[in-house]
Amino acid sequence: MAQNAPFYIVGTMSGTSLDGLDLALVRYQQQRYEIIDFSTVEFSESLHGDLCKVVSETQMAIDFFMKLNTAYTRFVAKSIDEFTSQHIDLISFSGQTIRHLPQHCATLQLGCGGILSSLTKTSVVCDFRSQDMGAGGQGAPLVPFVDSLLFADVAPVALLNIGGIANITYISADQQLIAFDTGPGNMVINALVQKLCNRKYDANGELAAQGKIDTTILQRLLTHRYFGLPIPKSTGRADFGANFVDYFLENTSHMSVEDRIALATELSAASISEAINEHCPKPGKIIVSGGGKHNETLMNSLYNRLPLWQFTPINDYGITEDAKEALAFAILGHRAYIGRNNHIPQATGADRELILGAIYHAGK
Ligand SMILES: Nc1ncnc2c1ncn2[C@@H]1O[C@H](COP(=O)(O)OP(=O)(O)OP(=O)(O)O)[C@@H](O)[C@H]1O
Ligand SMILES: CC(=O)N[C@H]1[C@@H]2OC[C@@H](O2)[C@@H](O)[C@@H]1O[C@H](C)C(=O)O
């Protein structure tokens, strides 16, 4: 291939919110990555139901799991096929995390890169997390590598992604990087809204805006073990899934729906801002991405709690806020494919720098 010929990558991301599959078509040319197209494909009702089941049950039949693994992979293949008519050189497949137990050196993503490669007749990079874990890392977060590639010039800067789980990358003026998951982003809010209002999420934070925050219970919730752990650290449903939501509901049974959702929203804002105040020494720009950016009540609380930080739209850097993680995986996968480093060990606690991702070549 001519050295300056464009190389097209599809990055996939389906995160802890289980709201669908994000796809970014990314062009790599002259050492630059550019998003050409982006789409979110909602899971079908039956796939969504099965995914919810698999992430919430502790025991499950192996046949159910295996069939779901293939069904999810077929869904990804079909979604990519319908997403673009552009010839694709590489798919970078993040998989769907269904369990994350870093203390046991265990993280499990649904999705089979080999099947995806055969179905799409395209090379696939997948399984980004396991090698990092084997080297003593948390297996997450991995996007900080991309943050450092794209945003080191504007340091001091914090990149905050508010998905189901919220995570932060901080790059200091002297280019030191720290990164970790701060705790719940939308995960607890979504669970409450789904349980109490039969809606998917609190659109624009409107329910939370009508509630009052019980600061005593908020302080109690902030004593959760995870918030006190040292960094680097990562989390997921094991910490903030069904068990935590049950605990939350028990402690707030006297409260109105709006007050409960306001409290869950404030828990996210408080845990994010306390983590930033504790670990990010010098305020600078803060660039927010992920679906939580659309929750105005959550964002207003962050603006109030972080007055010294300069909130800057990620769109100023040519990236739409919903597309960032899919773009990031496109970049991680492409780097693996061309044999270049795509890993920052201090973000995960790994003991060495690696090139993360397993590669399935498409064949002729
Ligand atoms: N208009 C909106 N108002 C409020 N919240 C919204 C809105 N749009 C999206 N969200 C929230 O954002 C969530 C999706 O965010 P996102 O796609 O970034 O998460 P994810 O990638 O699944 O999670 P993670 O980054 O933890 O893997 C939705 O489930 C919802 O809670
Ligand atoms: C194990 C896992 O899938 N972790 C996700 C999750 O979603 C957000 C947060 O928790 C982050 O640690 C990670 O995803 C991002 C994309 C990452 O690896 O950087």
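It should be emphasised that the depicted structure is a prediction, and the values quoted were computed from it without experimental measurement. (Residues numbered from 1 in each chain as written. Chains lettered and ligands numbered in written order. Predicted model: local features only at pLDDT ≥ 70, side-chain atom pairs only at ≥ 80, totals over all residues. Heavy atoms only, no water.)

### Description of the side chain of Gln109
- Summarising the element assignment, Gln109 is placed in strand E5 (residues 106–110).
- Engagement of the side chain of Gln109 in a polar contact is seen with the side chain of Thr97, the distance being 2.9 Å.
- Not counting the four nearest positions on each side in its chain, Gln109 is found in contact with Ser94, Gly95, Gln96, Thr97 and Arg129. (Helix = DSSP H or I, 4+ residues; strand = E, 2+ residues; numbered from the N terminus. Polar contact = N/O pair within 3.5 Å; in protein donor to acceptor, adjacent residues only side chain to side chain. Contact = heavy atoms within 4.5 Å.)

### Let's talk about the pattern of salt bridges
- Following the criterion strictly, the structure yields nine salt bridges and no others.
- Close ionic contact of Arg225 with Asp239 constitutes a salt bridge, the shortest N to O distance being 2.9 Å. Taken together, the residues Arg225 in helix H9 (residues 225–228) and Asp239 in helix H10 (residues 237–240) connect sequence positions 14 residues apart.
- A relative accessible area of 53% places Arg225 in the exposed class. (Salt bridge = Lys/Arg side-chain N within 4 Å of Asp/Glu carboxyl O. Buried < 20%, exposed > 50% of the residue type's maximum accessible area, 1.4 Å probe, protein only.)

### Comments concerning the site of ligand 2
- Near ligand 2 there are 14 residues, and of these Thr97, Arg129, Leu142, Val143 and Asp181 occur at the shortest range.
- Contact between ligand 2 and Leu142: an oxygen atom at 2.9 Å from a main-chain N or O atom of the residue.
- Contact with the protein chains removes 96% of the 440 Å² of surface that ligand 2 exposes when unbound.
- If you list the elements that add at least two residues to the shell around ligand 2, you get strand E4 (90–101), strand E8 (165–171) and helix H14 (324–337).
- For the shell around ligand 2, the per-class residue count stands at seven nonpolar, four polar and three charged.
- Split by domain, the residues of the shell around ligand 2 number at least three in each of domain 1 (7–140 + 322–360) and domain 2 (144–311). (Near = heavy atom within 4 Å. Areas by Shrake-Rupley, 256 points an atom, 1.4 Å probe, with all protein chains shown as cover. Nonpolar A, V, L, I, M, F, W, Y, C, P; charged D, E, K, R; others polar. Domains from an automatic or database assignment.)

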